[in-house]
2 protein chains.
Amino acid sequence: MTLSLAYLGPTGTNSETAALAYANWLASNQQAIATLCPYPSIALALQSVVKGKIDYAVVPIENSIEGSVTVVLDTLWQSTDLQVHQELTLPIFHGLLSYSQSLEQIETVYSHPQALAQCQKWLENFLPQVQLIPTKSTTEGISLLKDDLTAAAIASPRAAELYQAPLLEPDIKDSPDNCTRFWIVSSQKSDRPSNEEQVNQGSHLSLAFSLPQNAPGALVKALEVFAQKEINLSKIESRPTKRSLGEYIFFIDLEGNFHDAQIKDALAQLSACTEIMRIFGNYNLLPISVE
Amino acid sequence: MTLSLAYLGPTGTNSETAALAYANWLASNQQAIATLCPYPSIALALQSVVKGKIDYAVVPIENSIEGSVTVVLDTLWQSTDLQVHQELTLPIFHGLLSYSQSLEQIETVYSHPQALAQCQKWLENFLPQVQLIPTKSTTEGISLLKDDLTAAAIASPRAAELYQAPLLEPDIKDSPDNCTRFWIVSSQKSDRPSNEEQVNQGSHLSLAFSLPQNAPGALVKALEVFAQKEINLSKIESRPTKRSLGEYIFFIDLEGNFHDAQIKDALAQLSACTEIMRIFGNYNLLPISVE
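As a convention, each chain's residues are numbered from 1 in the sequence order in which they are written. In the order they appear in the text, chains get letters beginning with A and ligands get numbers beginning with 1. Per-residue local features are limited, in this predicted model, to residues with pLDDT of at least 70; the limit for side-chain atom pairs, both in listing and counting, is 80 or more; totals at the level of whole chains, interfaces and linings are taken over all residues. Heavy atoms throughout the structure, all of them, feed into the side-chain values; hydrogens and water do not.

**Observations concerning the pattern of salt bridges**
Residue and element names in this part refer to chain A.
Working step 1: Take a side-chain nitrogen of Lys or Arg and a carboxyl oxygen of Asp or Glu: if they are within 4 Å of each other, that pair is a salt bridge. Tallying each qualifying case throughout the model produces 24 salt bridges over all chains.
Working step 2: In this structure, the salt-bridge partner of Asp 265 is Lys 229, at a minimum N-O distance of 3.8 Å. With a gap of 36 residues between them, Asp 265 in helix H9 (residues 261–273) and Lys 229 in the loop between helix H8 (218–228) and strand S13 (233–240) connect regions that are remote in the sequence.
Working step 3: Residue Asp 265 is classed as partly exposed on the basis of its relative accessible area, which comes to 42%. We count a stretch as a helix when DSSP gives it H or I for four or more residues in a row; a strand needs E for two or more, and each element gets its number in order from the N terminus. Exposure is judged per residue with a 1.4 Å probe applied to protein chains only, and the accessible area is read against the type maximum: over 50% gives exposed, under 20% gives buried, and values in between give partly exposed.

Spelled out as structure tokens, the structure:
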């Protein structure tokens, strides 16, 4: 079996590391060969799955420092076709790449906004005067370094190796526990036999809902459904409905399986007190380690 | 009385429009003259207040399309000194600026990531092939337009006028209800007499809390405090604690005054079931219209 995986490219990004880790898992566990397809944005990687061109998109959903990747939440809410198939969590390493010999020479630092944000304390301490320039991926700035000794880029040590750029500082991330959750997203229309099997065994469930307008206490009522049944919510996040200020969609992750009677009951009750409810998937967390 | 206002510059940004509107309000209502001080980032604008260099920072907190401005939430949580003094809401207008005569010639669009996100549907429909380049403010890309007929920038019609750049499309935002909430943030150490008066009259209260670890249902318990007293929450938002994946800080906006007995009770109860609780301010929404 051959499968295609879309991810935020180019080669050397953290999304590629996640896609490679998933490809290894597929090879070992499902005897499947995966082809990796880089896309210039997370939105386009997800669109490739909606359009049926690609089997799975491997997309970051949440980082332990910077929080949710909102484009993924918004796209899942707006699309009725995408579903979360599996999840994996990767440790994140940020190095400072530069052809300069010392930090004193650096005037500009390039990287993806999420990486700049995850290293902001280190940058304030060691490079307080530099200009930070956002790029579309962590690797985009690397090509600019050779011609400019005053420039640096934040990217993974793996990217430094792949692009043969010097690693001036191997680890500049602010938190030792920096890690990112990735979702493997597929199309509900897909006829892959693994989809159904997955739902039967899924340990985690993600969903989102909007609430009836002008209903004070509506959010608490919705959350009480889970509390009464002692269903543990591992995450809650609000996003604007994009209709008007002060109207939100709530995204929830919980532990449980769709076929469990308690969960079934809770979802039926929740559906009754929400405006729109959407279940994104019932999936497993893959035990993946990065080589 | 002379007051200084920090905001995300340079001239022509939406933050400057908000700072100007607040300066007008100060002139009419408090006989104060305000000096506007542009800063290269929202973080530095807030830092200027912490350091006591500037009286107030005027910072965007939430947009109706793109959601919260997370750097403001994170900075308020981490600083024990900043407080929300007042709030104002501005309608947001996004135009497409370019020296090109037609959309067909455009290959690159520059703007702040929030503005690019707020116009993404229009861009997908009318300029699906262009490269989107994030900049530090909505006005930064305007200087690049004159030398490049294939480039465009998303900025306010006011910026087009200020920088004398042609407005190719006057309104490209995705939602007619696009508006942004701004907070006027001051230092708690400030001895401005208006601070205390403000708290006595404030109609809105913003706070944040973290929860004891491994306590299932702790969030529902915290929210029930408000539901039982029929205190309306106008917003709830989660952000990572930055300690480890799955631990959150919850940011809440509610209607009420700190001196009201119900609110006092609710905050005391909330404090007992949270780990850390921080009250950002009890403030008024200013009735400001933009000329």
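**Details of the sheet that holds strand S8 (residues 131–134) of chain A**
Residues and elements named next belong to chain A.
Working step 1: Only strands that DSSP links by at least two bridges are regarded as paired with each other. On the basis of which strands lie adjacent, the open sheet formed by five strands has the order S8-S7-S9-S6-S10 and mixed pairing. The open sheet is flanked by S8 and strand S10 (167–169), the only strands paired with a single partner. The sheet shows a mean angle of 35° between the axes of neighbouring strands, taken without regard to direction.
Working step 2: Here strand S7 (residues 108–111) runs beside strand S9 (residues 151–155); their pairing, made up of three bridges, is parallel. Bridge pairing in S9 links Val 109 to Ala 152. Fitted lines through C-alpha atoms serve as axes, helices being fitted only where they are in contact, and the angles separating the N-to-C directions of these axes extend from 0 to 180 degrees.

**Structural notes on the environment of Gln 105 of chain A**
Residue and element names in this part refer to chain A.
Working step 1: Within the secondary structure, Gln 105 is located in the loop between strand S6 (95–97) and S7.
Working step 2: Overall, the relative accessible area of 35% leaves Gln 105 in the partly exposed class.
Working step 3: Residues Gln 105 and Ile 61, 44 residues apart in the sequence, show an inter-C-alpha distance of 35 Å.
Working step 4: Working rule for contacts: check all heavy atoms of both residues, and any pair within 4.5 Å makes them a contact. Leaving out residues up to four positions away in the same chain, Gln 105 has contacts with Ser 100, Leu 149 and Thr 150.

**Considerations on the layout of surface pockets**
Working step 1: For the second largest pocket, the calculated volume is near 970 Å³.
Working step 2: Definitions used throughout: a 1 Å grid over protein atoms alone; a cavity as a set of points that fits a 1.4 Å probe which cannot get out; a pocket as an open set with protein on both sides within 12 Å along at least five of seven lines; a lining residue as one with an atom within 4 Å of a point. Lining the second largest pocket are 42 residues, and of these Gly 246 of chain A together with Asn 232, Leu 233, Ser 234 and Lys 235 of chain B lie nearest its centre.
Working step 3: Put simply, the parts of the chain that give the lining of the second largest pocket at least two residues each are H8 and strand S14 (248–255) of chain A together with strand S5 (82–91), helix H8 (218–228), strand S13 (233–240), strand S14 (248–255) and strand S15 (276–285) of chain B.
Working step 4: At five residues, H8 of chain A tops the list of elements feeding residues into the lining of the second largest pocket. Grid points are joined across faces, edges and corners, and a volume is the space filled by probe spheres set on the points.

**Quick word on unusual backbone geometry**
Working step 1: Following Gly 9 of chain A, the chain continues into Pro 10 of chain A via a peptide bond in cis, with omega recorded as 5°.
Working step 2: Within the secondary structure, Pro 10 of chain A is located in the loop between strand S1 (2–8) and helix H1 (14–30).
Working step 3: Unusually for a residue other than glycine, Gln 164 of chain B sits at a positive phi of about 50°.
Working step 4: Mapped onto the fold, Gln 164 of chain B is located in the loop between helix H6 (157–162) and strand S10 (167–169).
Working step 5: The phi angle at Glu 230 of chain B is positive, at roughly 50°, despite the residue not being glycine.
Working step 6: Tracing the backbone through its elements, the reader meets Glu 230 of chain B in the loop between H8 and S13.
Working step 7: We classify Glu 230 of chain B as exposed; its relative accessible area is 73%.

**Focus on the side chain of Ser 137 of chain A**
All names here are of chain A.
Working step 1: Assignment of secondary structure puts Ser 137 in the loop between S8 and S9.
Working step 2: A residue is classified by how much of its surface remains accessible, and Ser 137, at 3% relative accessible area, is buried.
Working step 3: Within the local environment of Ser 137, its side chain forms a polar contact with the backbone nitrogen of Glu 140, the two atoms lying 3.3 Å apart. Counting of polar contacts relies on pairs of N or O atoms within 3.5 Å, with two restrictions inside protein: one atom must be capable of donating a hydrogen and the other of accepting it, and residues adjacent in sequence are counted only when both atoms are side-chain atoms.

**Some details on the packing of aromatic side chains**
Working step 1: Stacked, edge-to-face and tilted are the three classes for Phe, Tyr and Trp ring pairs, Trp counted by its six-membered ring, which pair at centre distances within 6.5 Å; planes under 30 degrees apart are stacked, over 60 edge-to-face, the rest tilted. Summed over the entire model, instances satisfying the criterion amount to 15 aromatic pairs over all chains.
Working step 2: Only when the NZ of Lys or the CZ of Arg is both within 6 Å of the ring centre and within 35 degrees of the ring normal is a charge said to sit over the ring. Over the face of the ring belonging to Trp 77 of chain A we find Arg 278 of chain A, whose NZ or CZ atom lies 5.2 Å from the ring centre.

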